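Structural features, examined
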Amino acid sequence: MTRTVYVNGDYLPEDEAKVSIFDRGFLMADAVYEVTSVLGGKLIDFPGHLARLQRSLDALDIRNPLSEDDWLAIHRALVEKNAIDEGMIYLQVSRGSPGDRDFSFPDPETCAPTVVLFTQSKPGLADSPQAKTGIRVISIEDIRWGRRDIKTVQLLYPSMGKMMAKKAGCDDAWLVEDGAVTEGTSNNAWIIKGGKIITRQLSNDILHGITRASVLRCAAEAQMEVEERPFTIAEAQEADEAFITSASAFVMPVVEVDGVAVGSGKPGPVAMRLREIYLEEKRKAAI
Ligand code: PDD
């Protein structure tokens, strides 16, 4: 089935949607993005994703071309037009297409941002088989730039990391800097030790995950103890449990780190419980 996508104000069949070859997203990775999941045809954690979009745009001095109501209307229209029950919506805003290649930013008065959105249908997203077995991760050096808190489309190294993991027969990679885990290639990293849930504190070193923030709230409501600090790969290998969070994986147990089983080597009870609570609460609050 041909998807209907959104480009700069128009809803079009995917094979008719076009962006200029001079677009700065294409030439310079001068663009930011968001991924929002859809469950039961509704948007999960949407206000958080819009707030972070604004933060990313502000950090790069790109004008937000749409109002919050417009963003919501486009997301809802795409869910409806593509009959999405479970899946994701990808949105990207680039600085636009100045009609030539130049390192200097174009004049925002004459160069409007480019807006692209499309859906990805993923039936069974919430009831993922992987959540029942858990995933295996390797560690790799974090050689990304220093503003990982901005959600830019510079995803080459995370893609390479995913391929390194696949080559090693694993599912994903955790990035390590100065001896401590920053985050996963496309997710935030967590461990649990002695009943305490540990995840790295917010800074420019990691993306401020929307799912991370929601899971922290779920943990607090369930009276679970949380510590926000860096942890090492050795600590993860000695942890009782480990997991990742993201808009597309929700809470996903990690059962192996660099070939060493975490805890029992099976998805842990706390991670599974957090996944349940998260999904239950977020389905209720979905819009
Ligand atoms: N990735 N860290 C990184 C580097 C990410 O790319 C992501 C999200 C996260 C988790 O953020 P959130 O909980 O807001 O999804 C953390 C998205 C899902 C992606 O690139 O597809």
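Preceding block: the structure.
The shown structure was predicted, so the numbers you read here are calculated from the model rather than taken from an experiment.

**What to know about the environment of Arg-147**
Inspection of the secondary structure puts Arg-147 in the loop between strand S7 (135–141) and helix H5 (156–167). The spatial distance from the C-alpha of Arg-147 to the C-alpha of Asp-205 is 6.5 Å, given a sequence separation of 58 residues. In this structure Arg-147 touches Ala-59 and Asn-204, once residues within four positions along its chain are discounted. A distance of 2.9 Å separates a polar atom in the side chain of Arg-147 from a polar atom in the side chain of Asp-149.

**Side note on the nonpolar core**
Counting 23 residues, the largest nonpolar core has Tyr-6, Val-32, Leu-43, Leu-53, Trp-71, Val-93 and Leu-117 as the members making the most contacts within it. Of all the secondary-structure elements, those providing two or more residues to this core are strand S3 (31–39), helix H2 (46–60), helix H3 (68–81), strand S5 (87–94) and strand S6 (114–121). Beyond its immediate sequence surroundings of up to four residues, Val-32 is in contact with Leu-53, Ser-56, Leu-57, Leu-60, Leu-91, Gln-92, Val-93, Ile-150, Lys-151, Thr-152 and Val-153. Among the nonpolar cores identified, the runner-up in size contains 21 residues, and Leu-125, Ile-197, Leu-274 and Ile-277 belong to it.

**A look at H2**
Helix length check: H2 (15 residues) gives 21 Å between terminal C-alpha atoms against 21 Å at 1.5 Å per residue, within 8%. Along H2, the residues that are buried comprise Phe-46, His-49, Leu-50, Arg-52, Leu-53, Ser-56, Leu-57 and Leu-60. Along the axis of H2, the buried residues cluster in a sector spanning 165°; they form a single face. Opposite the buried face of H2, at more than 90 degrees from it, the exposed residues are Pro-47 and Asp-58. Along its buried surface, H2 packs onto S3, strand S4 (42–43), H3, S5 and helix H6 (210–221).

**What about the environment of Arg-273?**
Its place among the elements puts Arg-273 in helix H8 (residues 269–285). Given the relative accessible area of 41%, Arg-273 is considered partly exposed.

**What about the pairing of strand S14 (residues 250–257)?**
Of all 8 residues making up S14, 8 are buried, and the element is well covered by its neighbours. In this sheet, S14 lies alongside S7 in parallel orientation, the contact comprising 3 bridges. Looking at the pairing, Ile-135 lines up with Val-254 of S14. Bridging between strand S13 (residues 241–246) and S14 involves 5 bridges; their strand directions are antiparallel. The partner of Thr-245 across the bridge, within S14, is Val-251. Counted between consecutive antiparallel strands, the loop separating S13 from S14 contains 3 residues. Across 2 bridges, S14 lies against strand S15 (residues 260–261) in antiparallel orientation. Opposite Glu-256, over in S15, you have Ala-261 as the bridge partner. Taking the residues between adjacent antiparallel strands as the criterion, S14 and S15 are bridged by 2 residues, where Asp-258 takes a positive phi near 50°.

**Examining the pattern of salt bridges**
Between side chains of opposite charge, a pair can form when the charged atoms approach closely. Throughout the structure, instances matching the rule amount to 21 salt bridges. For the salt bridge of Lys-132 with Asp-127, the shortest nitrogen-to-oxygen distance reads 3.0 Å. A relative accessible area of 56% means that Asp-127 is categorised as exposed. Two residues, Asp-142 and Arg-148, come together in a salt bridge whose shortest N-O distance is 3.4 Å. For the pair Asp-142 and Arg-148, one class covers both residues: buried.

**Here's the deal with the packing of H2 against H3**
Contact geometry of H2 with H3 gives a least axis separation of 11 Å together with a crossing angle of 125°. Put simply, H2 runs oblique to H3. When you trace H2 past H3, the crossing you get is right-handed. Listed contacts from H3 to Phe-46, Leu-50 and Leu-53 of H2 are Glu-68, Trp-71, Leu-72 and His-75.

Thresholds, definitions, all that
- Residues numbered from 1 in each chain as written.
- Predicted model: local features only at pLDDT ≥ 70, side-chain atom pairs only at ≥ 80, totals over all residues.
- Heavy atoms only, no water.
- Helix = DSSP H or I, 4+ residues; strand = E, 2+ residues; numbered from the N terminus.
- Contact = heavy atoms within 4.5 Å.
- Polar contact = N/O pair within 3.5 Å; in protein donor to acceptor, adjacent residues only side chain to side chain.
- Core = buried A, V, L, I, M, F, W, Y, C linked by side-chain atoms within 4.5 Å.
- Buried < 20%, exposed > 50% of the residue type's maximum accessible area, 1.4 Å probe, protein only.
- Expected span 1.5 Å × (residues − 1).
- Arc of directions from axis to C-beta.
- Pairing = 2+ DSSP bridges.
- Salt bridge = Lys/Arg side-chain N within 4 Å of Asp/Glu carboxyl O.
- Axes fitted to C-alpha atoms, helices over the stretch in contact; angles between N-to-C directions.
- Parallel < 35°, antiparallel > 145°, perpendicular 65-115°, else oblique.
- Left-handed = near helix turned anticlockwise from the far one by under 90°.

It is worth stressing that arrangement in space is one thing and function is another; only the former is reported here.
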